[in-house]
Structures are given as structure tokens and as C-alpha cells.
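One-letter residues, chain by chain:
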Amino acid sequence: MNALVPLPVLLPLCVTGLKLAIGPRLHRLQRFISIAVLGAVLVLSVVLMVAADRHGPLSVHLGDFAPPVGITLVADRLAGLMLTVSSAVTLLVLVYSLGQGMADRDDQAPVGVFHPAYLILVAGVSCTFLAGDLVNLYVGFEIMLVASFVLLTIGGTATRIRAGSTYVIISLFSSVLFLVAIAMTYAVAGTVNLAQLSLRLQEVPLGVRTLLEAMLLTVFAIKAAVFPLAAWLPDSYPTAPAPVTAVFAGLLTKVGVYSMLRTQTLLFPGHRLGDLLMLAALASMVVGILGAVAQTDLKRVLSFTLISHIGYMVFGIALAGHGSISGAIVYVAHHITVQTTLFLVAGLIERRDGTTELTRLGGLAKAAPLLAVLFFVPAMNLAGIPPLSGFIGKLGLMRAGIDAGGGWAWALVAGSAATSLLTLYVMAKVWNLAFWRDAPPGAEEEGVVLESAEDDEPGEDEDDGEEGRASGPGRGTGRGRDAGAGSGAGLPVPAGAVVSEGFLGQSITTTKRLPWPMTAATGAAVALGLSYTVLGGPLTTFTQAAATELLARTPYIEAVLGR
């Protein structure tokens, strides 16, 4: 069984080489390979999760080199659950993106770019979850960085290049800081293996240990978009194509949260920076949700709620108790799925109406009832309406805060309740503006170009918009770009017509009849989120066992070192 541990990393990487060799030919084969590989990774993830639950952590030393020399990969309950959830989400997002490409008659698409980059991203995420040492955790981050820059800037529009550059600069800064932290850790402990560090760091002077903890927390807080290190996120994610934004919002920030959870429980038990983490958690919740209240574009609303709800997970890590760790794990799994789903729905709305600007939307509940349901369920889940999984996670965290007592804990409980209510307000605001009220005058017509690489020069947005408004019925208005997507020229073309290169090489135009693979993938994501509610009992039992394992540390250490 241990031999299966490296496969979630190796399979996507090996197939990436095959897909690069195929190049932009044989599109159906490309799509089949991508879906088959991610399906296999999902099956492997479930097997590893079940095996870790039944038999304890699984570990493998690549090349049979023992620590600290060799590369160690470890799959315990936490890693197995994160792998399973992330694999399911990435598979659904891939189906969504393929549906978008096929609907646009994507026969000339540079699939040789998108598919390999996507699989490399999946490999990087898997490597991060399975890494048994700091160096391979760093390698996983860098693999994700390279792939995410390609995906974030796909289409080559000026807006996306600017946003991607900001993302890369911030990521490179955190990477340099991570390298410095790794070097300092090796200097004081003589190893970077997590199991060995858990033993040796206890002998390191307290001041040095606290410095290492602060440096690692800073790195992971940047990755996780914890306030005040989250300013890069609202301007980076909304510019990307819908499926890319969805997988970024759902997964990439949670990799940072996972790393915080792993290192705080394994390397720094009884950490001294708990109060600082509580302050960061409270600030993330409050500032993030207030930012969401002030937004009028759906993608930016969701970006700020993402920052806000990261605070719930940091809340659980900061308390460092059994109940709080269990609640944090539940909330991470819940949030990966729900946040991804909401961004997929935002993509469907933009695909149908040409914009995600709430002031330009309306009447969707009547005009597109299925789309309304696909939004309403995850929106209520995010707000924490009982008995949905968001409520289960928040209830566990708030109970842990009440049990812990103390000023900071009570402040976090109050902040959690207020943030949950404001999240409900924000989701109700989106529902009223986009779905419940009547459509505003001059609603977007079918056939507006959303993705175009030609007309993305600064200063052209307003001109294109004016031309669209003067063109009469059935002609585009250019609002897709104004909504912040950084794309779409608003040209008057038939729905699905090929005008210029965009996402996957084609122009994407609005259409009232949404492509069925996109709708089906979004519906499956909604169902996945609801499954956490149906399986709430077993999920809570599993996360409690994972929390016990994390806080005990011994099962992990014995699995790696054989002690």
C-alpha cells in the first residue's frame, strides 16, 4: 500500500510529458487522457485516505534513502482527506473547462498549453499535501507557482499579465523567505525532515524556535491570503478565466492553510504565537467580509469572502485544541468545495449575461431557474445555514472557542458569528440583485465576446462600450470586460463565433443556453458540497480522529522513522 503514496504526484507529471509530445493535435485524446488521469488520482486519493484511516499513516522513502537524505512522502488522515477533496474538485473543474472549450468550437485551441499546465498544478498540490520534509513542501509550492502563472495569464491579455505579474512577485517573495527559513532550520537542526524536526526542534533555544515559527507562518499566511498579507488576491483571481479562478480560489489558498496546520501541530506544539494567529484570524474575518459588502462585482465579492473565511480556518489552528483542529479540517474541506462551486456559478452567469457586475444583472431566477438553484445552495452553505456543512464547521469552531475561554477566544467566537451573518447578508444581496429583481434595461444580448486577445489595450474599454450601446438590439456592449474579467471586446458577433484567440485559443461569447458540461460539472460540485451534510456524522468522526493523530504526533513520527 505504501507504494501508492507517490502516484498522485507522479501520474500527472508523467502524463504531462506525454501530452506535451502530442502537442495541439488529437484534441479528443488530450481530453480523454486528462479526465482519465484525474479520475485515477481521485481513486488513488480515496484508497490512501481509507488506508490511512484503517492502518495509520503511510510513508515511502523514494530511492530507499532514509531521512534526512531521501525524499519522504507521507499520507495520513489529513493528507488523504485533502487529496480526495482536491482531486474531486480539480476533476470537476476540468470537465467544466472542457465544456467551455467544446462549446466554442475549440478545434484550434492550444491544448498543448492548458492541459499540461493544469496537470502540473494538480501534481504540485498533491506534492504539497504529501510532502514529508520542508524542501519538498517548497518544491510543491514552486510547481504550483509555475503552473498557476501559465493558467492565470492564459489568453495573454494585458489585464491578466498585470494581475499575473503581481501574483508572481508576491509568490517569489514568499518563496525566498521560505528558502531562508529552510536554511535556518537546517542550520539549527541538521535536517528538514518533518518527523525528525518534531523531535530536534524541542532542543533548540526558545527564541530561535519562535523565529523559525514566525518565518514559516509568514510564508504560509501569504500563500493562504491571511490578512494583512492578502492584498494581492482580490485583483489577481477575478481576472482569470472562470475555471482557472475557481480552482485557484478553492485550492491554492488552502495549500497555505494545510501547511500552517501541519507545521503548527507537528513542529511547534504549544506554539507561542497563538495570540498573534488569533488576531490575524479575527482581522481576516472582519476585514474580508466588510470588503465583500462594499463590492458590486460578483467575482470580487467572492474573492473577499474567500479572505474572510480563511479566518475561520486560522481560528481553529490558533486555538490548537482537539475540537478546534477538527473543526478547522471540516471547514477546509467544506470551503474548498463551496468556494470553487460559487466561482463556477459566476462563470456561468458571465457566460449567459456577459458580466458579473451585479448592477447590470437581474431576473435570473425566472429566466434561468437551474442557474438560480446552483447559486442558492452553495451560497447558503457558505453562509452557514443549518444543517449544511458550513454550519457544521462553524459550530465546531465556535464550540471550541467557548470551551477554550479567554478574551481572544471569545472575541473570535463573536467575530465568527458576525462574519457569518454578514456573509448571509452578502449572499442575499447577490441573490436580490442578480436573481430576484427584474432585469435592468439594456440587459446583455446574446453573442457578446467575453474572451478576446485583440482588443485589450488600455483606454479601449470605454470606446468599445459606447459602440456596443449604439449598435442596437442583438449587438454587444462590451460589459464583459468592464466587469473586471479583463477580457471581451464587446464585438457584435453571433454566439459561438470565432473572432480571435481567448481562453483555449477561441473567443468565448455569451449564450442563453449554457453548455451542458459546464452546467453538469457545476451541479456535481453542488452535490459534492451537499454530501458533506449528508455524511456529516462520518466526516466529523474522521476529522476528530485526524485531529487526535495530529496532536499526538507519535503516529506520524513512527510511520516515517520506524520508532
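Residues numbered from 1 in each chain as written. Predicted model: local features only at pLDDT ≥ 70, side-chain atom pairs only at ≥ 80, totals over all residues. Heavy atoms only, no water.

Caption draft 1: Structural context of the packing of aromatic side chains. Under the counting rule described, the total for this entry stands at 12 aromatic pairs. On the basis of an interplanar angle of 70 degrees and a centroid distance of 5.9 Å, the ring pair of Tyr 138 and Phe 178 is categorised as edge-to-face. Note that Tyr 138 is positioned in helix α5 (residues 134–152) and Phe 178 in helix α6 (residues 158–189), a separation of 40 residues in sequence. There is no split in this pair, since Tyr 138 and Phe 178 are both buried. Both rings, one in Phe 141 and one in Phe 178, keep their centres 5.8 Å apart while their planes meet at 50 degrees; by these two values the pair is tilted. Here Phe 178 lies in helix α6 and Phe 141 lies in helix α5, a separation of 37 residues in the sequence. Its relative accessible area of 3% is what places Phe 141 among the buried residues. The buried category is assigned to Phe 178, whose relative accessible area is 1%. It is Lys 223 that lies over the ring of Phe 141; its NZ or CZ is 5.1 Å from the centre. (Phe/Tyr/Trp six-rings, centres within 6.5 Å; stacked < 30°, edge-to-face > 60°. Helix = DSSP H or I, 4+ residues; strand = E, 2+ residues; numbered from the N terminus. Buried < 20%, exposed > 50% of the residue type's maximum accessible area, 1.4 Å probe, protein only. Lys NZ or Arg CZ within 6 Å of the ring centre and 35° of its normal.)

Caption draft 2: Just the environment of Pro 8, in detail. Inspection of the secondary structure puts Pro 8 in helix α1 (residues 7–22). Under the relative-accessibility criterion, Pro 8 is labelled buried at 0%. Considered as a pair, Pro 8 and Ser 87 are 79 residues apart in the sequence and their alpha carbons are 9.1 Å apart. Setting aside chain neighbours within four positions, we find Pro 8 in contact with Val 41, Leu 44, Leu 48, Leu 83, Ala 123, Ser 126 and Leu 130. (Contact = heavy atoms within 4.5 Å.)

Caption draft 3: Region of interest: the pairing of strand β2 (residues 71–75). Most of β2 is tucked away: 4 of the 5 residues are buried. In this sheet, β2 lies alongside strand β1 (residues 58–62) in antiparallel orientation, the contact comprising 5 bridges. Residue pairing across strands places Leu 62 opposite Ile 71, the latter belonging to β2. (Pairing = 2+ DSSP bridges.)

Caption draft 4: Geometry of the pattern of salt bridges. Throughout the structure, instances matching the rule amount to 5 salt bridges. In this structure, Asp 53 engages Arg 77 in a salt bridge whose closest nitrogen and oxygen atoms are separated by 2.8 Å. Of this pair, Asp 53 sits in helix α2 (residues 27–55) while Arg 77 sits in helix α3 (residues 77–103), and the two are 24 residues apart along the sequence. The exposure class assigned to Asp 53 is partly exposed, which follows from its relative accessible area of 33%. Residue classification places Arg 77 among the buried residues on the basis of a relative accessible area of 14%. (Salt bridge = Lys/Arg side-chain N within 4 Å of Asp/Glu carboxyl O.)

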